[in-house]
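This is what each chain is made of:
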Amino acid sequence: SSPGGRHPGCALRSTSPAVPTLGVPDIPPVCRGCGLYRHGVGGQFDAAHVAAFFDQYGSAEWERHDTSPAGRVSLAVHTDLLAEFVRPGDLVLDAGAGPGRFTIELARLGARVHVGDLSPGQLELNREKIAEAGHADAVVAWEVMDICDLSHLRSGSFDVVVCFGGPLSYTR
């Protein structure tokens, strides 16, 4: 067994400094052995390994939008997209919601938000950030959710599905 994860050669770190990857400085490596995050799935998806990384990554996931021009531009572009497509009263699935940057924006737009993330640690940060922003009443549920299996959600039950960032890279 490898320390911190299930992959041969895995060296899941307690802290993960930014590593330049394709000119984008804020994409962290999850696993030095398999390159699970930085290089895409490529191999077998290990939900527990990915959840453990994001639990440890903690508030850095929130902060990455503030630490570089690319992060700030990405946040602005995605916020504009939400404003274009989300209407007051919409029920929105925020899949792979992380610490809540976009959950807060969805709440500000008047949406009701079902928050899902693979990482219990990120869900807890999401609860904290939403409460700090005064929008906890907009969230209808916080759920540990694997983007690779949404079969428990009824088809057509959401007006909008948001999945910004890396979660889609884990699907096949």
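Predicted, not measured: the structure shown is a model, and the values here were computed from it.

**Q** Can you tell me about the sheet that holds strand β3 (residues 139–144), naming the residues and giving the values?
**A** Within the open sheet, the four strands sit side by side as β3-β2-β1-β4. Their pairing is parallel. Of all strands in the sheet, those bounded by a partner on one side alone are β3 and β4 (160–162). Adjacent strand axes in the sheet meet at a mean angle of 15 degrees when their direction is disregarded. In this structure, strand β1 (residues 91–95) lies alongside strand β2 (residues 112–117), joined through five bridges in parallel fashion. Paired with leucine 93 across the bridge in β2 is histidine 114. Where helix α5 (residues 120–132) meets the sheet, it contacts β2 and β3, and its direction lies at approximately 160 degrees from that of β3.

**Q** An account of the pairing of β3 is needed here, citing residue identities and associated values.
**A** Two elements, β2 and β3, share five bridges in a ladder whose sense is parallel. Its bridge partner lying in β3, valine 115 is registered against tryptophan 142.

**Q** Explain the pattern of salt bridges residue by residue, including any values.
**A** One pass over the full model with this rule turns up four salt bridges. Put simply, glutamate 105 and arginine 108 hold a salt bridge, and the shortest N to O gap is 2.8 Å. Separated by three residues within a single helix, glutamate 105 and arginine 108 lie in helix α4 (residues 101–108), roughly one turn from each other. Residue arginine 108 is classed as exposed on the basis of its relative accessible area, which comes to 53%.

**Q** I'd like a description of the packing of helix α3 (residues 69–85) against α4, backed by residues and values.
**A** The contact between α3 and α4 brings their axes to 10 Å, and the two run at 35 degrees. At the point where α3 passes α4, the crossing takes the right-handed sense. Here Leu75, His78, Thr79 and Leu82 of α3 come into contact with α4, specifically with Arg101, Phe102, Glu105 and Leu106.

**Q** Tell me about the packing of aromatic side chains, and name the residues and values.
**A** Aromatic ring pairs are described here by two measures, namely the spacing of the ring centres and the angle between the planes. One pass over the full model with this rule turns up four aromatic pairs. Where phenylalanine 53 meets tyrosine 57, the ring centres are 5.0 Å apart and the plane angle is 25 degrees; that geometry is what we call stacked. Here tyrosine 57 and phenylalanine 53 lie together in helix α1 (residues 47–57), a separation of four residues that amounts to about one turn. An identical accessibility class is assigned to phenylalanine 53 and tyrosine 57; each is buried. Note on phenylalanine 102 and phenylalanine 164: the rings are 4.9 Å apart at their centroids and 65 degrees apart in plane angle, and the pair reads as edge-to-face.

What counts as what
Residues numbered from 1 in each chain as written. Predicted model: local features only at pLDDT ≥ 70, side-chain atom pairs only at ≥ 80, totals over all residues. Heavy atoms only, no water. Pairing = 2+ DSSP bridges. Helix = DSSP H or I, 4+ residues; strand = E, 2+ residues; numbered from the N terminus. Axes fitted to C-alpha atoms, helices over the stretch in contact; angles between N-to-C directions. Contact = heavy atoms within 4.5 Å. Salt bridge = Lys/Arg side-chain N within 4 Å of Asp/Glu carboxyl O. Buried < 20%, exposed > 50% of the residue type's maximum accessible area, 1.4 Å probe, protein only. Left-handed = near helix turned anticlockwise from the far one by under 90°. Phe/Tyr/Trp six-rings, centres within 6.5 Å; stacked < 30°, edge-to-face > 60°.

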